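Summary of the model geometry
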Amino acid sequence: MHIYQSRFLVRGEVWYDHEPERTPVDWIFYRQSPRPIPGARCESFYTRLLDLTQPPDELLGQMSGSTTYKIRRARDKDKVRCECREAPDVATLDRFEEIYERFAAIKGLPSLDRALLDRLAVDGCLELSLAANAQGEPLAYHVYYRDSRRSCLLHAASLYQLVADSAARNAMGRANRYLFWCDMLRHQERGLKYFDFGGWYPGNTDKALLDINQFKAGFGGQVVREYNCEQILSFKGRVVLTAAAVLSKVKARLRKPQIGGCQRSPEANGEEADARRPGAAAGVETGEWSAPEPAK
């Protein structure tokens, strides 16, 4: 269990089917539990999983033709190089945070939950990978939560939107796919069983999120339903979290809608409310979308 100390509360965080520890906390947030937690407030969370127990050629065989073509082109023609920081230090996370904040401003996303990343890094569960071009310039970043059986994409970011040249944008798109493939192979070599894309949009109206679904579906795998659950264990926790939720709803009513940006959940404002929003860390943003390339 990961422990977070905020101004008012101590929060425990449990991933997947792990069991909470006996450390006293005000509340526990269960991320992507396989089943609802008795006595907790739970919401469904959908994600896409790849089975890493399959040989690499079978994993490639499940991918779309477009995805495998772009992976091979990034590797063989673009000469993209992928690197991994299995224990990212503060300086590495600082560099990623700088890129992510620029990316988030463009996409209308919430700021990075740096406290979450710092805690996971200290606990040995954080991994950062990046793809760079032949000149060593970073093109895409991925950040994962990782335990002994499963990796989960927390963030994927690039500054794709700032590149005007279409050829360069397409190259960044290929690099992003190749980075995913390298991440999968590395996690497989470490003995992990599942690769988690960190979210799946279950609706049918949001075009941007449907496009992201299509991107993820290009890698194969299957969609699963899990649960994000909140279990309040202390009177102080109930008071603070209830007050934060009420304040967030008031702010949401006062806030004017933003055109072209991703709206945050009404519960995702305030120190405690932001942390308790289901799926807050496991976003589904891929960081790039490129126009189809001509067949070659």
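Residues numbered from 1 in each chain as written. Predicted model: local features only at pLDDT ≥ 70, side-chain atom pairs only at ≥ 80, totals over all residues. Heavy atoms only, no water.

Topic: the state of the cysteines
For clarity, the threshold we go by: Note on terminology: pairs of cysteine sulfur atoms within 2.5 Å are recorded as disulfides. A run of H or I in DSSP counts as a helix once it spans at least four residues, and a run of E counts as a strand once it spans at least two, with each numbered from the N terminus. For every residue, the accessible area (1.4 Å probe, protein chains only) is compared with the maximum for its type, and the residue is labelled buried under 20%, exposed over 50%, or partly exposed between those bounds.
For the structure shown, the criterion picks out one disulfide. Sulfur-sulfur distance for the disulfide between Cys42 and Cys229 comes to 2.3 Å. Between Cys42 and Cys229 the disulfide shows an S-S torsion of about 115 degrees. By sign, it is right-handed. Remark: Cys229 occurs in strand S10 (residues 222–232) and Cys42 occurs in strand S4 (residues 41–51); sequence separation between them is 187 residues. What makes Cys229 buried here is its relative accessible area of 0%.

Digging into the side chain of Arg174
Note the following rule: N or O atoms within 3.5 Å of each other form a polar contact, as long as, within protein, one can give a hydrogen and the other can take it, and as long as residues adjacent in sequence are counted only when both atoms are side-chain atoms.
Along the chain, the position of Arg174 falls in helix H5 (residues 166–189). Taking relative accessible area as the criterion, Arg174 reaches 4% and is therefore assigned buried. Among the polar contacts listed, one links the side chain of Arg174 to the side chain of Asp78, at a separation of 2.7 Å.

Looking at the environment of Ser33
How we decide: Two residues form a contact once any of their heavy atoms are found within 4.5 Å.
Note that Ser33 resides in strand S3 (residues 27–33). When its relative accessible area of 2% is taken as the criterion, Ser33 is described as buried. With 192 residues separating them in the primary sequence, Ser33 and Arg225 have C-alpha atoms 9.3 Å apart. Not counting the four nearest positions on each side in its chain, Ser33 is found in contact with Tyr16, Glu226 and Tyr227.

Quick look at unusual backbone geometry
One non-glycine residue, Gln32, lies in positive phi territory at about 55 degrees. Looking at the secondary structure, you find Gln32 in strand S3. A positive phi angle, close to 60 degrees, is found at Lys79, a residue other than glycine. Tracing the backbone shows Lys79 in the loop between helix H2 (65–76) and strand S5 (81–85). On the basis of relative accessibility, which here comes to 49%, the residue Lys79 falls in the partly exposed class.

Concerning the pairing of S10
We apply this condition: DSSP calls a pair of strands paired once it identifies at least 2 bridges connecting them.
In terms of strand pairing, S3 meets S10 through five bridges, oriented antiparallel. Opposite Ser33, over in S10, you have Tyr227 as the bridge partner. The pairing of S4 with S10 spans nine bridges and is antiparallel. Pairing of Tyr46 across the sheet is with Arg225, part of S10.

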